[in-house]
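# Residue-level structural notes
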Amino acid sequence: MNKPILIVGGGPSGLAASHALARIGQPVVLVDKADRLGGAPILSGYAKLVPSGEWAKDAIGGMVDRVRGDRLVQVHTGASVTRFEGGPGNFTATLSNGSNVAAGAAILCTGFTHFDSLNKPEWGFGTFPDVVTTTQVEQMISSGRGVRCPSDGRKPQRVAILLCVGSRDRQIGREWCSKICCTVSANMAMEIREELPDCHVYIYYMDIRTFGLYETKYYWRSQEEFKVKYIKARIAEVTSDGHKLIVKGEDTLVKRPVTIPFDLVVHAIGMDPNVDNKSIAETFGVALEPHGYLGRGNAYGNTAETSRPGVFVAGAACGPETIDDSISQGNAAAMSALASIVPAKASA
Ligand SMILES: Cc1cc2nc3c(=O)[nH]c(=O)nc-3n(C[C@H](O)[C@H](O)[C@H](O)COP(=O)(O)OP(=O)(O)OC[C@H]3O[C@@H](n4cnc5c(N)ncnc54)[C@H](O)[C@@H]3O)c2cc1C
Ligand code: SF4
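Because the structure is a prediction, the values reported are computed rather than measured. Per chain, the residues get numbers from 1 upward, laid out in the order the sequence is written. Key to labels: chains lettered from A, ligands numbered from 1, both in the order written. The predicted origin of the model limits local features to residues at a pLDDT of at least 70 and limits the giving and counting of side-chain atom pairs to 80 or more, whereas totals for whole chains, interfaces and linings rest on all residues.

## Quick word on the sheet that holds strand 13 (residues 245–251)
What counts here: Pairing between strands is defined by DSSP: at least two bridges between them are needed. Strands here are runs of E lasting at least two residues and helices are runs of H or I lasting at least four, both read from the DSSP assignment and numbered beginning at the N terminus. Each axis is a line fitted through C-alpha atoms, taken for helices only over the stretch in contact, and angles between the N-to-C directions span 0 to 180 degrees.
On the basis of which strands lie adjacent, the open sheet formed by 7 strands has the order 9-15-10-11-12-13-14 and mixed pairing. The sheet terminates laterally at strand 9 (131–133) and strand 14 (256–262), the two strands that pair on one side only. Pairwise comparison of adjacent strand axes, ignoring direction, gives a mean angle of 40° for this sheet. One ladder, built from 7 bridges, connects strand 12 (residues 229–240) with strand 13; its direction is antiparallel.

## A few points about the site of ligand 2
What counts here: All residues are tested the same way: a C-beta atom is placed from the backbone, and lying within 6 Å of a molecule or strand makes the residue near it. Gly falls in the polar group here, along with every residue not listed as nonpolar (Ala, Val, Leu, Ile, Met, Phe, Trp, Tyr, Cys, Pro) or charged (Asp, Glu, Lys, Arg).
Near ligand 2, the surroundings consist of 13 residues, among which Cys164, Ser167, Cys177, Cys181 and Cys182 are the closest. Every element with two or more residues in the shell around ligand 2 is listed here: strand 10 (158–165) and helix 5 (181–195). For the shell around ligand 2, a count of residues per class yields 6 nonpolar, 3 polar and 4 charged.

## Regarding the sheet that holds strand 5 (residues 90–95)
Two strands in a sheet stick together by hydrogen bonds in their backbones, pointing the same way (parallel) or opposite ways (antiparallel). What the 3 strands build is an open sheet, ordered 4-5-6; its pairing is antiparallel. The open sheet has two free edges, formed respectively by strand 4 (81–87) and strand 6 (100–103), since each of these has just one partner strand. Between one strand axis and the next, the sheet turns by 15° as a mean value, whatever way the strands run. One ladder, built from 6 bridges, connects strand 4 with strand 5; its direction is antiparallel. What sits directly across from Gly87, in strand 5, is Asn90.

## Overview of the nonpolar core
Put simply, the rule is: Each nonpolar core consists of buried Ala, Val, Leu, Ile, Met, Phe, Trp, Tyr and Cys residues. Their C-beta atoms, within 7 Å, join them into a set. Around each residue's C-beta, the other C-beta atoms within 10 Å are counted; 20 or more make the residue buried, 12 or fewer make it exposed, and counts in between make it partly exposed. All C-beta atoms are placed from the backbone. What counts as a domain boundary in this text is fixed by an automatic or database domain assignment. A pair of residues counts as a contact when their C-beta atoms, built from backbone coordinates, are separated by no more than 7 Å.
If you look at the biggest cluster of nonpolar residues, it comprises 100 residues, and the most contacted ones within it are Ala106, Ile107, Leu108, Ile161 and Leu162. At 8 residues, the largest contribution of residues to this core is made by helix 5. Residue assignment places this core across two domains, with domain 1 (5–111 + 274–341) and domain 2 (117–271) each supplying three or more. Look past the residues within four positions of Leu162 in its chain and what remains in contact with it is Trp123, Tyr204, Ile235, Val265, Val266, His267 and Ala268.

Written out as structure tokens, the structure reads:
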């Protein structure tokens, strides 16, 4: 039997890679620093996922159960890799829980870190309790509590969702687009309108990137069916008049200042590089790309390669990514890692 393949990170990409390998009889050792598997959708309590509309706890929970029930997958939660030595086909990993793992190859599926809105203080997070993040609203919905103002538990009558918080923002060193937050926000706006039909929901945007097929299902539907209002604006600040939150900015279509009161302001936070990336890069001897995500070694020949032979990468570890693409990349990395440890057969 082949040596196990080490998979670091048990979010959607790592779960997909683990399952793909175990299905074809390849043993896997799956290590996650969190005390449970599932990655961001489970650890951050996401509600209904786009584009499937399935609850995260069911969709990603199902992926966790599939891996947990597989005898070929040995799981270490609450653990990380502290040393990683050797070469392709013959690596040794030391885990923080004292275990040693002999592995033929490794796949890094260590994902991302949510942007911390405290790094955008002029937009009110951390100063006003009713300025929250998309993950907090996801948790309000997934817990069944419903969307409420944290200050006093009242149902909001007016909600503003601010896009690109911690993305596409050169002032704070985050130039990337986080890919999914326009779609997640349009979906969230519809969920709020469904739960609170009298509530007015505004989305403040620079550009709308509900890419591919999401344009019809989220961008147009949110406006035409759910009457969500979109304002193209540069936001200056979020303040309070002691009663309501005040969003001030410039409407960039009509080039006029715009000041609107709200009960609840939601930051659509982006996907930062994992805060562990420097130490992951050092431990595994792999290069980072310029923004701080894990670097890919090859753009076309094998997208799962890192700069180190025998070490592969998948999902949001290498940049903002959707769940479906993270799963596809997990499968692709599984194939690449397996191919790196089985003897090559002559092709026709
Ligand atoms: C607010 C918000 C809502 C979103 N909603 C959707 C949606 O509806 N649909 C969609 O397609 N996408 C959505 N996304 C994107 C989605 O979160 C990612 O696509 C997905 O989580 C990426 O999966 P992953 O497995 O690559 O990484 P992650 O989910 O980040 O999982 C990484 C795993 O690695 C572990 N890990 C990290 N560092 C280490 C380490 N050093 N050692 C060991 N383990 C480690 C973590 O504990 C975690 O379990 C959303 C993103 C945000 C910010
Ligand atoms: S997906 Fe939309 S909200 Fe997210 S960073 Fe890109 S443009 Fe901004």
